[in-house]
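# Fold and geometry: a report
Below are the chains, spelled out letter by letter.
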Amino acid sequence: MRLQQKRPSAVIGIVILVTAATSLFAQPYGEADTGQPGDAMVQAFLAQKSSHVHDSFLNGIETQADWLAKRDDYRKEYLHMLGLSPLSDKTPLNATTTGSLAMDGYTVEMLHYQSKPGL
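So, here is what we can say about the structure in this document. Predicted model only: the values in this text are computed from it and were never measured.

Before going further, it helps to examine the overall build of the protein chain. When helices and strands are tallied, the protein chain shows 3 helices and 2 strands. Every one of the 119 residues in the protein chain was classed for burial, and the buried ones make up 3%. If you take every contact in the protein chain between residues at least 6 apart in sequence, the share linking residues at least 24 apart comes to 9%. Of the roughly 11,500 Å² that the protein chain leaves accessible, carbon and sulfur atoms contribute 60%.

Printed below as a string of structure tokens:
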């Protein structure tokens, strides 16, 4: 059995229709997400949590020695919050120059590299 191919104009029409429908129901950029049940409670909770983090930031850090003693712990916590913990092993970048632009007094080189093998 052979499947019929859709005409490009029909596919384009569907894409335009879906895009238009999505933008009709999307929240406008920059508009506060409030007015729904529970919004005030969520906003108050987040404000309380951010105040706590702000107020307790660097508690007990008075000297460079204090900072150096805690720095590794802060770094581990930071990487965990970013979803980067545990860090993957460092691998070769396999960098290659894909092109260059010679400008007046400098050259811009376009590079390609693999942040992870095969990526």
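As a further point, take the layout of surface pockets. One way to see where empty space is left: roll a probe the size of a water molecule over the atoms. Taken as a whole, the largest pocket spans an internal volume of roughly 350 Å³. Residue lining of the largest pocket: H52, V53, S56, F57, L58, N59, W67, K70, Y74, E77, Y78 and M81, and that is the complete set. Secondary structure elements with two or more residues in the lining of the largest pocket: α2 (39–56) and α3 (64–81). Looking at the lining of the largest pocket element by element, the count peaks at 6 residues for α3. In terms of residue class, the lining of the largest pocket is built from 7 nonpolar, 3 polar and 2 charged.

What counts and how
Residues numbered from 1 in each chain as written. Predicted model: local features only at pLDDT ≥ 70, side-chain atom pairs only at ≥ 80, totals over all residues. Heavy atoms only, no water. Helix = DSSP H or I, 4+ residues; strand = E, 2+ residues; numbered from the N terminus. Buried < 20%, exposed > 50% of the residue type's maximum accessible area, 1.4 Å probe, protein only. Contact = heavy atoms within 4.5 Å. Areas by Shrake-Rupley, 256 points an atom, 1.4 Å probe, with all protein chains shown as cover. 1 Å grid on protein atoms, 1.4 Å probe; cavity = no way out; pocket = protein on both sides within 12 Å on 5 of 7 lines; lining within 4 Å. Points joined across faces, edges and corners; volume = space filled by probe spheres on them. Nonpolar A, V, L, I, M, F, W, Y, C, P; charged D, E, K, R; others polar.

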